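What the coordinates show
Each chain is listed here by its residues.
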Amino acid sequence: MSAAAFVTVNQGIGKMKFNVKKVKGGVDTVFLIPAIIFVLIAELVPVIYTTYLGFMQWDIINPPKFVGISNYIKVFTQPELLNALKNTLYWVVGTLIFAVGFALFVAVLLSNVKGRVIFKSIFFIPSTLSPTVAAIVWRRTLSSQMGALPSLLALFGINMHPVLTNTHINTFVMIGVWTWQFFGINLILFLVGLETIPREPVEAAMIDGANERQAFLYIIVPLLRPIMLLVIANSLINTIRMFDIPWVMIQGGPGRASETLAISLYRESFLLFKMGLGSAIAVVISILTLIASYRYIMILGRKRG
Amino acid sequence: MGKKFAYLLIFTLSILLVFSVAFAGSQKGGSEQPETKKASEQSVEKPAKVVEIKLYHDNPEWQDFWQAMGEASAKDIGVRAVPTAFETQVYKSRVKVDLTTSRAPSVFKWWFGYRAYELFKAGLLADLSDVWADVGKNYPPGIKEALSINGVPYALPFNVGYWVWFYSKAVYKKYNMQLPKTWDEFMQQLAFFKSKGIYGIGNTIGKSRWTSFIVFQEILYRIDADFYVRLMNGKAHYTDPEVVRAMKIWKEMLEKGYFAPMDATYVEDLPRMLKEGKLAFAPFGDWYGGILQQQGLVPEKDYGVFIPPPITPKGKGAIILEISPLCAGKNSPDLEAAKKWYRWYAEKHAAQILWEKLKFVNNLHITQEQIKKGDPTLAHELDMMKNYPNKLIRFWEATPVEIVEYAVDAFNTMLVHPDQYMDLLNGIEQKAKEVWPKYNVKY
Amino acid sequence: MDRAIKKGLTYLILVVLSIIWVFPLVSMLVIVIKSPEEFNQLHYWKLPLIKNIPRNLITNFLMAWRKSQIGKNFINSLVYAFSAGIGSAIIASLAGYSLVHLNVKKPHVWFLGIFIGNVFPFQMFLIPLYVFLNKLGLYDTRTGLIIVYVGICIPFALFVYRNYAYTLPKEIFDAAKVDGASKWKAYLRIFMPMSKPAFTVVFIFQFIWTWNDLLFGLILSERYRPVMTALSKLQGARGGVPVTVLITGALVASVPTIILLLSLQKSFIRGFTLTAEK
């Protein structure tokens, strides 16, 4: 806000004539009420309820029954759910390597290249699509029946097998789709971070005989820390609860092969009607997210002013 | 002044919010359906008005059909079934939630066999004995029994269909071939198609997980139909030699490359492949003919139906039957109107609409000539059914839901990793051991 | 010499990546300029006659918009996304203002109490919301989804507003108090106009999030579903929609976010870095 506007506002207030009246601090809490009501309805009460359901067995049509921690035991013993846990881990690690690590690499490449704006725009375009649209687009591109890529390869006599129903690689293909989509945002964030790094320490280090790799590791990376923390935390939070892409592309299949925890939750509760087990999975997802983003949240939530 | 106004506003907003939630909650069927409510209220005061009842189904493409039915019944008997189409993925949970409340639908499409059993056991389905007493004569024998549990009929049939193999006329014309007469000949032909670069069997999981059980079911009951029934009822095991044999046959077919690529879809890709002669067979319920026609295929010109020969003599004369029932929620407030609607549904006018719009034949009002004229392939199929007196229930609803859901996932894995067949069978057997005691069956 | 190779390699990597990035988008364009019949008959990469292209585009669009009801769901999504963006911003601005510039006791505790909602993954709310909305008769209503979307957007919105409120000097509000303006007036006349940048950030983020949401739409709605859920249904087993129409629908559904992001990219990136600032 400009200074001029600021003065105008101040004058406007000056013209108002009201009696100064002290209002007790407690009453100011009224301003918080709408926010509290909404958050209670949409989030806090559901969190408590889900935690409660995690200890129950409930199939919707019969009343819930207390079963202790057996749902949690299932999460860590039932083979399908262990598989989902493993896939979720793949997602977390895979996106860290490709959507984050590789984005940093390309950002460094881009930072001393002409035509940066064009490349930046190209990489950013997919970020403007939703994950659902990205999944639909890539499903079409990869489909063995009239898909863009297999049709193109067929022109060169290369026969491409279906990739989404191949249980060995489909999770990694979908991690690739996610990378395609969110690479651009991470890249731009890194570029923003790189631009704010002063040139002098890097140059000084180079004069002192450090090579590029050392300069990168010991000077640039530490200076990028705040942005890195942001990008990594975002990546972790989003991939631990990964749902959209594997769901739209292959419904976590074939069978339950590419299920993530979020898809298991959906399937156990809304297709197999094990609401209790689904809730237990939700609690596990929450705990994993909390662990992964603990530092980030502490920084966000800390007192300012 | 300003301050008071502010607090007043915030309070009003909050209270409005709470009230809107409460108000909407008190309205049955949600705040977005005021018309429905009004109509049925008025009907209490003036019986001449049309009564509206709720109808749930899970196929958006049938919405037009149900609307046409609603108009017709409103005109004929003053009861309009107002349809709501839900997505398959959430349909079951939605219906289950509503059935336990007074928002229960008066008419809803469901599955028969074990899938109806769980609702019946929980006391959520209305007894339709009195309706059947009036309209039973309109249906072929056996239907009422198939839709009854412990002698209580809980539904009227929506679609009654058989499971057959659709085949591509283009393929058979091109090579001037006859449909196979024995199982071995069938396999030879599949090998021949493979050598010509034609996919033999279109049974894929591109967008549909459920379709994975089809070939398993088709092979198993052709080995031994009685065994199939025993297996479905918990009197045989998934590790028995019959099942292992079925899996081995299936495995061989998969490994020899007789199947279309697994990411093909059965709604768009398979019809196109059948039409273009790139695919020979697609096993489905006869309702698949409707999908083929929708995709521009012409019965008897582009496709026909074929019933593969049995593998052993024990598989002779058997065929898979699928009935989709229409059930009534016991907690529905409009049960009387619903029964009136059901009586209308079993009569000629409704049967005609069902035939014209969806090509479904479920009662005796549709004549042979009509079928022959409207869908010669279906007429041919129904004609062939004389040779298949042993009607078996489809796997999807023939055995407890928990086993089906688990097995369907295992069969998905089978389609992409046929070498794991024995592990998969052991897994299903384990599940069956776990589930059957809940149904009081010693396994 | 060495440097030249390095440079060449850099460009090679960038160009190859760019091709991979653009490839699916180009292949989508090839689909939407064909009619369903042309798509089935022609080779994928064979283009239709140029004079047919405008007609095909229009028919595909109309089929997606009307027949596949993308239009109806598009409007639903607009309602949800605007409500969530504006609603959460207003509610959070009230809260942010009171936490920083009024005498709320223990503002830190209040903030964390609300912000904690942002910490849980959305799956945590799913089952209870499904049960609650069903019990209240708000399942599959616009009201129900709006309440959910606004509620879920509030914690992040509050976070942005609170941070922003700290950057506004307390003296202005003290001065206003001395001048006799009520707290409400100070909120309306000073805080609201001054926090426009916060509003922009909150609005973009929450609009996009709500617009892109698949999960809540999938579970909490049927007839009043948002556009992404409708798209995923078209793509599903019972879809039966020609590919050209599906892809056209997908592109149409992306228009609002594309416009918003391309025109307000700076604010969007700023919204991100806001959370990384010390």
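Residue numbers run consecutively from 1 along every chain, following the written order of its sequence. In the order they appear in the text, chains get letters beginning with A and ligands get numbers beginning with 1. pLDDT decides what is reported in this predicted model: residues at 70 or higher carry local features, side-chain atom pairs at 80 or more are listed and counted, and totals for whole chains, interfaces and linings draw on all residues regardless. The side-chain quantities take in all heavy atoms of the structure and omit both hydrogens and water.

Here the focus is the overall build of chain C. Counting from the N terminus, the helices are the DSSP runs of H or I reaching at least four residues and the strands are the DSSP runs of E reaching at least two. When helices and strands are counted, chain C shows 14 helices and zero strands. What you see in chain C, going N to C, is helices and strands ordered as α-α-α-α-α-α-α-α-α-α-α-α-α-α. Put simply, the radius of gyration uses C-alpha atoms, and a globule should come to 2.2 Å times the residue count raised to 0.38. Relative to the compact-globule value of 19 Å for 278 residues, chain C shows a C-alpha radius of gyration of 24 Å, a clear excess of over 25%. Structurally, chain C occupies a C-alpha span of about 75 × 70 × 35 Å along its principal axes. Each residue is assigned to one of three classes by its accessible area relative to the maximum for its type, calculated with a 1.4 Å probe on protein chains only: buried under 20%, partly exposed between the two thresholds, exposed over 50%. Scored against the burial criterion, the 278 residues of chain C give a buried share of 62%. A separation of at least 24 residues holds for 74% of the contacts in chain C among residues at least 6 apart in sequence. Residue contacts are defined here by distance: any two heavy atoms, one from each residue, within 4.5 Å place the two residues in contact.

Here we take up the confidence of the model for chain B. With 89% of its residues at a pLDDT of 70 or more, chain B shows a mean pLDDT of 87. A residue's pLDDT is the confidence the predictor assigns to it, expressed on a 0 to 100 scale. Throughout residues 15-47 of chain B the model reports pLDDT below 50, and contacts reaching past four residues in sequence, or to other chains, amount to 39 contacts.

The interface is formed by 107 residues belonging to chain A together with 108 residues belonging to chain C. Together, the buried faces of chain A and chain C total about 9500 Å²; carbon and sulfur atoms form 77% of this surface. By definition, a salt bridge exists where a carboxyl oxygen of Asp or Glu is found within 4 Å of a side-chain nitrogen of Lys or Arg. Linking chain A with chain C are one salt bridge, by the criterion used here. For C:Lys183, the salt bridge goes to A:Asp28, with nearest N and O atoms at 2.9 Å. Identification of polar contacts relies on pairs of N or O atoms within 3.5 Å, with a donor-acceptor requirement for protein atoms, meaning one able to donate a hydrogen and the other able to accept it, and with residues adjacent in sequence counted only if both atoms are side-chain atoms. Across the contact surface, chain A and chain C share seven residue pairs in polar contact (both at pLDDT 80 or more). If one sorts the elements of the side of chain A that touches chain C by residue count, helix α3 (residues 33-53) of chain A sits on top with 16 residues. Buried area is calculated as the accessible area (1.4 Å probe) missing from two parts once they are joined, with the contributions of both summed.

Below, the discussion takes up the nonpolar core. If you look at soluble globular proteins, the nonpolar side chains tend to sit buried side by side. Here the nonpolar core consists of buried residues drawn from Ala, Val, Leu, Ile, Met, Phe, Trp, Tyr and Cys, with membership extended through side-chain atoms lying within 4.5 Å. Formed by 200 residues in total, the largest nonpolar core has its most connected members in A:Phe190, C:Phe216 and C:Phe268. In terms of residue count, the dominant contributor to this core is helix α7 (residues 142-167) of chain C (16 residues). The domain boundaries here were taken from an automatic or database domain assignment. Built from parts of two domains, this core gets at least three residues from each of domain 1 (2-56) and domain 2 (68-274) of chain C. One finds B:Phe108, B:Tyr266, B:Tyr342 and B:Leu425 within the second-largest nonpolar core, a separate group that totals 151 residues.

With that out of the way, let us pick up the pattern of salt bridges. By the definition in use, this model includes 31 salt bridges over all chains. In this structure, B:Asp224 and B:Lys314 form a salt bridge, with 4.0 Å as the shortest nitrogen-oxygen distance. You can see B:Asp224 sitting in the loop between α10 (214-223) and α11 (225-232) and its partner B:Lys314 sitting in the loop between β9 (303-306) and β10 (318-327), a full 90 residues away along the chain. It is possible to trace a salt-bridge network through shared partners that takes in A:Arg256, A:Glu259, A:Arg267, A:Glu268, B:Arg115, B:Arg209, B:Glu405 and B:Asp409.

To continue, consider the domain arrangement of chain B. All names here are of chain B. For chain B, the assigned domains are domain 1 (40-160 + 323-372) and domain 2 (161-322 + 384-439). The interface is formed by 15 residues belonging to domain 1 together with 20 residues belonging to domain 2. When domain 1 packs against domain 2, close to 1400 Å² is buried across both sides, 55% of that on carbon and sulfur atoms. For domain 1, the biggest contributors to the area lost against domain 2 are Phe112, Tyr114 and Arg115; these three give 46% of the whole. Where domain 1 packs against domain 2, one counts one salt bridge. The tally of links between domain 1 and domain 2 comes to three residue pairs in polar contact (both at pLDDT 80 or more). The residue classification treats Ala, Val, Leu, Ile, Met, Phe, Trp, Tyr, Cys and Pro as nonpolar and Asp, Glu, Lys and Arg as charged. All others, Gly included, are polar. Residue composition of the side of domain 1 that touches domain 2, by class: seven nonpolar, three polar and five charged.

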